[in-house]
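Residues per chain are reported as follows:
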Amino acid sequence: FDDTDGTTMQNGPPVYEFLASLGFRITKSVWPVELRGACPLVGGATCDATAYARWVKELQRQGFEIGIHGVTNTTACRKEWVSGLKRFHELFGHYPMTHANHVGCQDSIYWGQHRLSGTHRHAYNLLTRFKNRHYHGHRPNAPGFWGDLCEKHIKYVRNFVFPNINTLKECPYMPYHDPLRPFVNGWFASSEGPSVESFNKTLSETNQERLEAEGGACIMYTHFGNRFYENGRINPRFANLMQRLSERPGWFVPVSTLLDYLEAHR
């Protein structure tokens, strides 16, 4: 699942051309709209840019899944969630199957301390010094409430991320529903890879072999806009690892395809 942070028409297409050439079809997230005058914590192109939207639609035609990383790159209100999801549907012909909360957005759903309950929440708040208590996407009276829209339109939402390449070993129940967080139909976990360095570490040769030996499944969490393509070339270590992975007997599919399979065969 590629969080769209930092992705532009300069650094995005080369990475996806490389992935497509090896037979990979993954999930690329987008921001359907851009809020004028907003100051996002992390930037990148949105689907309000015509060339970018055209390119993402071509990725969809090639078999890549398009998900969302929120409807925009900063905190949105309910009205903006309604218009953003409508815009996504206009562009791609359906509502998104997958969603991942974006850093710093207070409209994130069940995020920060709200991911946890009981003593786990208390421990989390102590460790984070009570900094992550203000997310409100799931609160009906909050300005950015969109929980009912999530329940109606989105099937899967990303939750915890682990350093283990075998995501399924860490979270064998995914996709799972949590009755304490009813607006999310199904949660999924991921493996750590937000930067090119962490991605390469998780996807090392040894870890690839272990994943195969365990008969596991990996959903990588990443930002392909974060220096995977730099100075006119694909990161060499990343290129070598992906080439090696493509030659192994794996099933390389978008996130919702894998989760649908796990749900059907569990």
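Each chain has its residues counted from 1, running along the sequence as written. Two thresholds apply to this predicted model, a pLDDT of at least 70 for residue-level local features and 80 or more for giving and counting side-chain atom pairs, whereas whole-chain, interface and lining totals are computed over all residues. As a rule here, side-chain values cover all heavy atoms of the structure and leave hydrogens and water aside.

**Some words on the side chain of Asp 178**
Inclusion rule: Secondary structure is summarised from DSSP: a helix means a run of H or I of at least four residues, a strand means a run of E of at least two, and numbering begins at the N terminus for each. For each residue, the accessible area found with a 1.4 Å probe, counting protein chains only, is set against the maximum for its type, and the residue is called buried under 20%, exposed over 50%, and partly exposed in between. Any pair of N or O atoms that falls within 3.5 Å is considered a polar contact. Within protein, one atom must be able to donate a hydrogen and the other to accept it, and sequence-neighbouring residues count only if both atoms are side-chain atoms.
Among the secondary structure elements, Asp 178 is positioned in the loop between α6 (167-170) and β5 (187-191). For Asp 178, a relative accessible area of 17% corresponds to the buried category. A polar contact of 2.9 Å, which involves the side chain of Asp 178, links it to the backbone nitrogen of Leu 180. Side chain to side chain, Asp 178 and Arg 181 meet in a polar contact 2.7 Å long.

**Remarks on the pattern of salt bridges**
Charged atoms that come close allow side chains of opposite charge to pair. Rule in force here: Any Lys or Arg side-chain nitrogen found within 4 Å of a carboxyl oxygen on Asp or Glu counts as a salt bridge.
Following the criterion strictly, the structure yields 16 salt bridges and no others. For Arg 158, the salt bridge goes to Asp 3, with nearest N and O atoms at 2.8 Å. Of this pair, Arg 158 sits in strand β4 (residues 156-162) while Asp 3 is found in the segment before α1 (12-21), placing the two residues 155 residues apart along the sequence. Since its relative accessible area comes to 6%, Arg 158 is described here as buried. On the accessibility criterion, Asp 3 (2% relative accessible area) is buried. Of the charged contacts, one joins Glu 214 and Lys 169 as a salt bridge, the two residues approaching to 3.5 Å between their closest N and O atoms. Taken as a pair, Glu 214 in the loop between α8 (205-213) and β6 (229-230) and Lys 169 in helix α6 lie far apart in primary sequence, 45 residues in all. Using a relative accessible area of 53% as the deciding quantity, one classes Lys 169 as exposed. Through salt bridges with shared partners, a single network forms among Glu 34, Arg 36 and Asp 48.

**Section: the environment of Phe 24**
What counts is decided by this rule: Contacts: residue pairs with any heavy atoms within 4.5 Å of one another.
Structurally, the position occupied by Phe 24 is in the loop between α1 and β1 (27-30). A relative accessible area of 4% means that Phe 24 is categorised as buried. Through-space distance from the C-alpha of Phe 24 to that of Glu 170 is 23 Å; in sequence the pair is 146 residues apart. Apart from the residues within four sequence positions on either side, Phe 24 is in contact with Leu 19, Phe 64, Met 242, Leu 245, Ser 246 and Phe 252.

**Quick notes on helix α3 (residues 78-92)**
Since the α-helix packs 3.6 residues into each turn, any two residues three or four apart lie on the same face. Our working rule: Here the expected span of a helix is defined as 1.5 Å times the quantity of residues minus one. Arc, as used here, means the arc of the directions from the helix axis to the C-beta atoms.
The terminal C-alpha atoms of α3 lie 21 Å apart, and with 15 residues this matches the ideal 21 Å at 1.5 Å per residue to within 8%. Among the residues of α3, Trp 81, Gly 84, Leu 85, Phe 88, Leu 91 and Phe 92 are the ones counted as buried. Considered in projection along α3, the buried side chains sweep an arc of 125 degrees and stay on one side of the axis. More than 90 degrees from the buried face of α3, the exposed residues found are Lys 79, Lys 86 and Glu 90. In this structure, the buried side of α3 is in contact with β1, α2 (50-62), β2 (65-68), β3 (98-99) and α5 (147-153). Positioned one or two residues after α3, Gly 93 has a phi angle of 85 degrees, which is positive.

**With respect to the packing of α1 against α2**
Rules: For helices, the fitted line uses only the C-alpha atoms of the stretch in contact; every axis is such a line through C-alpha atoms, and the angle between N-to-C directions lies from 0 to 180 degrees. Each angle gets one of four labels, with under 35 degrees taken as roughly parallel, over 145 as roughly antiparallel, 65 to 115 as roughly perpendicular, and the rest as oblique. Classification convention: Asp, Glu, Lys, Arg as charged; Ala, Val, Leu, Ile, Met, Phe, Trp, Tyr, Cys, Pro as nonpolar; all other residues, Gly among them, as polar.
Packing of α1 against α2 brings their axes to within 12 Å, and their N-to-C directions diverge by 10 degrees. Regarding the angle of α1 to α2, the classification is roughly parallel. Between α1, through Gly 12, Pro 13, Tyr 16 and Ala 20, and α2, the contact on the second element is made entirely by Trp 55, Leu 59 and Gln 62. Its residues placed into classes, the contact of α1 with α2 shows five nonpolar, two polar and no charged.

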